[in-house]
Amino acid sequence: MLERKIQKRREGLPELPNLDGRKPVLRFAPNPNGHLSFGHSRGLVINGQYAKELGGELILRFDDTDTTVKPPMMAAYDSIPKQQEWLCGFPAHRIVIASERMEFYHDHARQMLEGGFGYVCTCSGDDFKEHRVAMTKCPCRDNEISTNLEKWGLMNDPAAYQPGDAVLRVKTDMTLKNPALRDWPAARIQINPHPRVGNKWRVWPLLDFQSAVEDHLQGVTHIIRGKDLMDSTRKQTLLYAHFGWTYPDTIYWGRVKVHEFGVFSTSQMRRDIDAGLFSDWDDPRLPTLAALSRRGIKPDALRAFWIELGLTQKDIAVPLSTLYSHNTKAIDSTSPRLAFIRNPVPLVLTGNLPRKGSITSHPDTDMPTRDYSIDEGVWIEKEDSGKSIRLKDLCDVDKDGNVESIDRSDKRGIIHWVAGGKPSKLTIAAGQDLLVVEGILEDNNHPIGTIVQLERIGYGIVEEDGLLMVHD
RNA sequence: GCUCGUAUAGUGUAGUGGCCCAUCAUGAAGCCCUCUCGAGGCUUCGACCCGGGUUCAAAUCCCGGUACGAGCACCA
């Protein structure tokens, strides 16, 4: 009898290929030239989730080998592990800092030269480009091993080669179909001091070399990264073949665009913050993890969001509302209700009504109630004035504030109101702008950081000087 | 130019030859519930890029086209 294959909708992340019972070792390797952003959270969530679900390990690696274009920011070495733990819910199993492992990279560079599968190239970038396009060997390619070793010494000698004079190349094949793979560069000279190790080294590995060597040293089993790095995989596979190593299984994802965030690069944000365009890395307009956290976005929501997007190689554009929808699920049941009146106008109440009382803080949970005390009347939003309304949890009134009924008597609109209260403001990050809405906030003693639901408006988080909009 | 990759509802996503006149989420519309324009419940709307081919059978395999994206840095 034939068994019928039953297919079900796959839940969560797809299986990791070629696991063969192994515990996976995964890594996430940001450049500490700034704090973590929304974009980084994908790598953290996906790699972290696999490590967690499969009992494997997550390595957090600082790829800080560029002191020129993307100079490391010392504060990031502290903030990144913290934010990683906040996001993943557990600390990384290992932390690796590339700039402190330079011996290993230099050692492998030397092995490459000695093994004859690497060479020091003194051609200019433009000259080499011509060879790459023409599929011809550059003059340095056929140098003896001894010559290469000697030139390697000159690269490391402050009195000899200077930045731009020479690079270390991996010997692949100049006739490879893919131009990106032809004798790719593995290391170059940099003389800007590194904030962690100063001028101890002057030849620094490039990503494809450093990452490849480190992945092998750390026993990484699976690499999950953007498909823009597909050629990196191919380059590194060529290098692994030279060393006789086996390349990890690799999975790619496509590009994600979030319209609301526009285009931000870590370098650009760093400049803009320094220039005073943003208050700091947690400015609510920024797509940083610090800002998202400040804005009341929960790590659970971020995790659910990325896991739902999965690992397709499609380039996608997602609206933030999807993330917000996950966040609402994460916060609604614990967010006390509170009233905030925009464009407040007073409404004098006449007639009989309970002038003092308490109302519920959440429809579904038994949170402490809110007490109110009404003297003359209440504040309502201007848009709600001038018509018969029901003051939520209080009474029905006509347009002039005459109490018509304590119980709800008809289908008139139910609005929120504030008795007493104090002036406050609600700050809303709207793209590049920060909108500030003035209003009257219901009296409360929620501590800073509490996420509340502003009735009929949306969620807000309590800050020192008012409320910050979470989302609606 | 060369190389590589991707194409399922508005947006994401499941689906690896028959279960698919296609899954789930989100979105929109409507209803129910609820003294919030929130949450929850229900209903409805809405898609396999195009053209060939293979096959009894194709979203799924092959070929061609088109569109979009990425790499070809002494960035990561």
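Refer to the preceding data block for the structure.
Residues numbered from 1 in each chain as written. Chains lettered and ligands numbered in written order. Predicted model: local features only at pLDDT ≥ 70, side-chain atom pairs only at ≥ 80, totals over all residues. Heavy atoms only, no water.

1. Focus on the overall build of chain A
Argument step 1. From N to C terminus, chain A includes 11 helices and 26 strands.
Argument step 2. Relative to the 2.2 N^0.38 estimate, which gives 23 Å for 472 residues, the radius of gyration of chain A is 30 Å and therefore markedly larger than a compact globule would have.
Argument step 3. Overall, the C-alpha framework of chain A stretches about 100 × 75 × 35 Å when taken along its three principal axes.
Argument step 4. Looking at chain A as a whole, 51% of its 472 residues are labelled buried.
Argument step 5. Counting only contacts in chain A whose residues sit at least 6 apart along the sequence, the fraction spanning at least 24 positions is 68%.
Argument step 6. Put simply, chain A has 60 plus and 65 minus side-chain charges, and the middle of one group is 5 Å from the middle of the other. (Helix = DSSP H or I, 4+ residues; strand = E, 2+ residues; numbered from the N terminus. Rg over C-alpha atoms; globule rule 2.2 N^0.38 Å. Buried < 20%, exposed > 50% of the residue type's maximum accessible area, 1.4 Å probe, protein only. Contact = heavy atoms within 4.5 Å. Lys, Arg positive; Asp, Glu negative; His and termini not counted. Charge placed at Lys NZ, Arg CZ, Asp CG, Glu CD.)

2. Considering the sheet that holds strand S2 (residues 57–62)
Argument step 1. What the three strands build is an open sheet, ordered S1-S2-S3; its pairing is parallel. Two strands lie at the open edges of the sheet, namely strand S1 (25–28) and strand S3 (94–97), each paired on one side alone. For this sheet, the mean angle separating the axes of adjacent strands, direction not counted, is 25°.
Argument step 2. Pairing analysis gives four bridges linking S2 to S3, with the strands arranged parallel. When the sheet's bridge partners are listed, phenylalanine 62 is paired in S3 with isoleucine 97. (Pairing = 2+ DSSP bridges. Axes fitted to C-alpha atoms, helices over the stretch in contact; angles between N-to-C directions.)

3. Quick word on the pattern of salt bridges
Argument step 1. Counting across every chain of the model gives 31 salt bridges.
Argument step 2. Where arginine 294 meets aspartate 282, a salt bridge forms, and the shortest distance between an N and an O atom there is 3.6 Å. Of the two residues, arginine 294 is situated in helix H9 (residues 289–294) and aspartate 282 in the loop between helix H8 (266–274) and H9; the sequence distance between them amounts to 12 residues.
Argument step 3. Classification of arginine 294 by relative accessible area gives partly exposed; the value is 25%.
Argument step 4. Here lysine 392 and aspartate 393 are joined by a salt bridge, their closest N and O atoms 3.2 Å apart. (Salt bridge = Lys/Arg side-chain N within 4 Å of Asp/Glu carboxyl O.)

4. Considerations on unusual backbone geometry
Argument step 1. Even without being glycine, asparagine 343 reaches a positive phi, approximately 45°.
Argument step 2. Among the structural elements, asparagine 343 can be located in the loop between strand S13 (340–342) and strand S14 (344–348).
Argument step 3. According to the relative accessible area criterion, asparagine 343 is partly exposed, its value standing at 42%.
Argument step 4. Even without a glycine there, the phi angle at aspartate 393 is positive, about 65°.
Argument step 5. Relative to the elements of secondary structure, aspartate 393 occurs in the loop between strand S18 (389–391) and strand S19 (395–397).
Argument step 6. Taking the relative accessible area as the measure of exposure, aspartate 393 reaches 38% and is therefore partly exposed.

5. Considering the sheet that holds strand S23 (residues 433–441)
Argument step 1. Taken together, seven strands build an open sheet; the order of strands is S12-S24-S25-S26-S22-S23-S13 and the sheet is mixed. Each having just a single partner strand, strand S12 (337–338) and S13 make up the two edges of the open sheet.
Argument step 2. As defined by bridge partners, strand S22 (residues 422–430) adjoins strand S26 (residues 466–471) across two bridges and the pair is classed as parallel. When the bridges of S26 are listed, leucine 426 appears paired with leucine 467.
Argument step 3. Against the sheet, helix H11 (residues 320–331) makes contact with strand S24 (451–454), strand S25 (458–463) and S26, and its axis sits at roughly 120° relative to S26, the strand it touches most.

6. Details of the layout of surface pockets
Here the idea is plain: a probe the size of a water molecule rolls over the atoms and shows the empty space left.
Argument step 1. The calculated volume of the second largest pocket comes to roughly 280 Å³.
Argument step 2. Taken together, 15 residues line the second largest pocket, and the ones lying closest to its centre are Arg295, Leu320, Tyr324, Ala429 and Ala430.
Argument step 3. Sorting the residues of the lining of the second largest pocket by element identifies H11, S22 and S26 as the ones contributing at least two each.
Argument step 4. Its residues assigned to classes, the lining of the second largest pocket comprises nine nonpolar, two polar and four charged. (1 Å grid on protein atoms, 1.4 Å probe; cavity = no way out; pocket = protein on both sides within 12 Å on 5 of 7 lines; lining within 4 Å. Points joined across faces, edges and corners; volume = space filled by probe spheres on them. Nonpolar A, V, L, I, M, F, W, Y, C, P; charged D, E, K, R; others polar.)

7. Overview of the nonpolar core
Argument step 1. Phe38, Ile46, Tyr50, Ile224 and Leu323 are the most contacted members of the largest nonpolar core, which has 50 residues in total.
Argument step 2. Within the second largest apolar cluster, 35 residues are counted, among which are Val203, Ile223, Trp245 and Tyr247. (Core = buried A, V, L, I, M, F, W, Y, C linked by side-chain atoms within 4.5 Å.)

8. So, the packing of aromatic side chains
Argument step 1. For the coordinates displayed, the defined rule picks out 11 aromatic pairs.
Argument step 2. Centre to centre, the rings of phenylalanine 38 and phenylalanine 261 are 5.5 Å apart; their planes meet at 65°, and the pair counts as edge-to-face. You can see phenylalanine 38 sitting in helix H1 (residues 38–53) and its partner phenylalanine 261 sitting in the loop between strand S10 (256–258) and H8, a full 223 residues away along the chain.
Argument step 3. Its relative accessible area of 5% is what places phenylalanine 38 among the buried residues.
Argument step 4. What makes phenylalanine 261 buried here is its relative accessible area of 7%.
Argument step 5. Between tyrosine 372 and tryptophan 417 the ring centres are 5.3 Å apart and the planes differ by 90°, which places this aromatic pair in the edge-to-face class. Of this pair, tyrosine 372 sits in strand S16 (residues 370–373) while tryptophan 417 sits in the loop between strand S21 (414–415) and S22, and the two are 45 residues apart along the sequence. Each member of the pair tyrosine 372 and tryptophan 417 is classed as buried.
Argument step 6. Ring pairing ties together the aromatic residues Phe117, Tyr240, Phe243, Trp245 and Tyr247, which thus form one cluster.
Argument step 7. Here the guanidinium or amino end of arginine 101 rests over the ring plane of phenylalanine 104, the centre of that ring lying 4.2 Å away. (Phe/Tyr/Trp six-rings, centres within 6.5 Å; stacked < 30°, edge-to-face > 60°. Lys NZ or Arg CZ within 6 Å of the ring centre and 35° of its normal.)

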